[in-house]
Amino acid sequence: MSVDYRTRDDTDIRSIGPEEFFCGLFPDLLSRYSSCVEPWLSQNNPGELTIDCEGTLWSLAACAAGIESCRGGRETGLRVKLSAEEFSGLVNDLYTPMTFFVSGGLSIQRGDMSNFLDWWMIIRALVDGRPIHVAGALEFLDASGEPLNLQQSFTPLDDTQDMRHFLETAGFLHLAGVFSESEMAQISADIDRYHDRYTEGDQSSWWATTADGARRLVRLQSFDKHSSATRALLQDPRFLRIGEISGAGHTHCGLEGNAIEALIKPLDVVEGISDLPWHKDCSLGRHSYECCSLTVGISVTGAGPDSGQLRVIAGSHRALMWPALITRPENVGLPIIDLPTATGDITVHLSCTHHMSQAPTARERRVLYTGFRLPSVSVDSSSTGRARINRVREAAHKNVSQ
C-alpha cells in the first residue's frame, strides 16, 4: 500500500467536450471498466441523467444492461446545466458537484444533489477505473493479517512501520503525548495574547455568532507569524517526524497558504463555520492530482464527545464514495471512529479520509491545524515521478485497492 494516490499531473489536463466524451470515450470506458460500477448498480438505482452543456443535451440512464448514453435529454431524472469548461473540469477531476455547490454556481434544473453525486461516482469510476465502494469491500488487517485494532493510539516511541501500516489501512492516526501540557498552555496563552491582531473581514480569520449574539473569532490563520511558541513547534523534531511516517516524502506545507492556524471551537455556534460536517478535504476536486496530503491537528486543549473531538470514517480514503453531504455515515458500511485527545496529543488524517468535528457542548476546544504535502511530480516522462504515476494508474485500472 501507499498513501500516494496520484494518477495524474497537470500535464494530463486537456479540454474534453461532451460529444467526444459521450460518443467516443464513454463507450470504451464502459466496456473496459463496467466491473467498477456493476456491484454498486446492483444495489442502487441512480435513474437518469441529462446534462445541458451550453444548449446541447446529453444523457445517461441506468438500465438492466448497465448504462446507456445518447445525445438528447430524458423526460425524468436529474437534469443539470454545465458550461463547457465545467463539464471538462468534471471529467478531468478538477471539479466535483461540491465545487459547484459551494461556489453557488450549481444549476440543477431537475432532481437534487444526491442524484448528481451518484452520477459523479459513476463517471469517476469509469474514467479512473476505480470501483465505487459497496459495504464489505474493504478489509482492515494488521501487518500479520489479523484484524486491525482501529481504536489503537500510538506514542512518539512507537515503531514508524507500525504507524505507517495503520495510516495506509485506516486513513488516520492518533499520536498520544507528543507535546506537554506546559507547551500547550503557552500556545493557548498566545491565542489570548494575539486575539486582537485579527479583525473580522481581514481575510486571515473566520468568525461565528453564538447563541448569545456575540461574534466570536474561531480561526486564526498564519498564527506562527504572531506566536513564537508556534513557530518553534513547526521546527520541533517531534512535529517534523510526522512527515516521515508515510514513507512517501511528505513535507510540511501548511494549509491553503498559511503555515499553521489556531482554531477556537466555542459553545452554541448558531451562524458561521466552526464545526464541520462529514467531508473529505479533496471534496472540491483534484483527488487524482494531489491526494493524499496529511492534515495534522495538535490539541492545545483536550477534546472529547462534549468538547469538539474529531471523528473519522476508517478506510474512506480507499473508497470511491460521496465526498461530502453524508448524513447517515453508518450506512456507508465502514467503521466510524471517535478520536478523543488529551492536551498535547496529535491527530493525523489523510486528505481523502472522511471526517467531521463534533460541536462542543460542555467546554470549548482549542487546536492547531497544519499539513504535510507529497513532493511534486516531475513532468518529465522518463522521471521516477511519472513512472510512479503510471504504475498507480495501471493498478487503479486493474481495480487494485491502493
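Worth saying up front: this structure is predicted, and the values here are computed from it rather than measured. (Residues numbered from 1 in each chain as written. Predicted model: local features only at pLDDT ≥ 70, side-chain atom pairs only at ≥ 80, totals over all residues. Heavy atoms only, no water.)

1. Section: the sheet that holds strand E2 (residues 56–63)
Here is step 1: The strand order across the open sheet formed by five strands is E3-E2-E1-E4-E5, and the pairing between neighbours is mixed. Sheet topology places strand E3 (66–71) and strand E5 (108–110) at the edges, where each strand pairs with a single neighbour. Across the sheet, the mean angle from the axis of one strand to that of its neighbour is 20°, orientation sign disregarded.
Here is step 2: Summarising the sheet, strand E4 (residues 78–82) and E5 pair through two bridges and their orientation is antiparallel. Its bridge partner being in E5, Arg79 is matched across the sheet by Arg110.
Here is step 3: Sheet strands in contact with helix H3 (residues 84–91) are strand E1 (48–53) and E4, and its direction is about 110° off that of E4. (Pairing = 2+ DSSP bridges. Helix = DSSP H or I, 4+ residues; strand = E, 2+ residues; numbered from the N terminus. Axes fitted to C-alpha atoms, helices over the stretch in contact; angles between N-to-C directions. Contact = heavy atoms within 4.5 Å.)

2. Quick word on the sheet that holds strand E14 (residues 336–339)
Here is step 1: The strand order across the open sheet formed by three strands is E14-E13-E16, and the pairing between neighbours is antiparallel. Looking at the sheet topology across the chains shown, the edges are occupied by E14 and strand E16 (355–357). Direction aside, the axes of adjacent strands within the sheet are offset by 20° on average.
Here is step 2: As defined by bridge partners, strand E13 (residues 310–313) adjoins E14 across four bridges and the pair is classed as antiparallel. Bridging across to E14, Leu310 finds its partner in Leu339.

3. A look at the pairing of strand E6 (residues 172–175)
Here is step 1: Taking every second residue as pointing to the same face, both faces of E6 are buried, with Phe172 and His174 on one and Leu173 and Leu175 on the other.
Here is step 2: One ladder, built from four bridges, connects E6 with strand E15 (residues 346–350); its direction is antiparallel. Bridging across to E15, Leu175 finds its partner in Ile346. (Buried < 20%, exposed > 50% of the residue type's maximum accessible area, 1.4 Å probe, protein only.)

4. Some thoughts on unusual backbone geometry
Here is step 1: Residue Cys292 is reached from Cys291 by a cis peptide bond, and omega for that bond is 15°.
Here is step 2: Its identity as a non-glycine residue notwithstanding, Glu54 has a phi of 55°, on the positive side.
Here is step 3: Relative to the helices and strands, Glu54 is located in the loop between E1 and E2.
Here is step 4: We classify Glu54 as exposed; its relative accessible area is 57%.
Here is step 5: With phi around 70°, Arg286 is a residue other than glycine that occupies positive phi space.

5. Here's the deal with the nonpolar core
In globular proteins that are soluble, nonpolar side chains generally tend to be buried together.
Here is step 1: Membership of the largest hydrophobic core comes to 65 residues, with the highest contact counts inside it found for Leu175 and Ile298.
Here is step 2: If sequence neighbours within four positions are ignored, Leu175 has contacts with Phe154, Met163, Ile242, Ile245, Asp345, Ile346 and Val348.
Here is step 3: Ile67, Leu82, Leu90 and Ala125 belong to the second-largest nonpolar core, a separate cluster that totals 40 residues. (Core = buried A, V, L, I, M, F, W, Y, C linked by side-chain atoms within 4.5 Å.)

6. A short note on helix H6 (residues 160–170)
Owing to its 3.6 residues per turn, the α-helix brings residues three or four apart onto one side.
Here is step 1: Among the residues of H6, Met163, Arg164, Phe166, Leu167, Glu168, Thr169 and Ala170 are the ones counted as buried.
Here is step 2: N-cap assignment for H6: the residue whose side-chain oxygen lies 3.0 Å from the backbone N of Gln161 is Asp159.
Here is step 3: Positive backbone phi, at 90°, marks Gly171, one or two positions downstream of H6. (Polar contact = N/O pair within 3.5 Å; in protein donor to acceptor, adjacent residues only side chain to side chain.)

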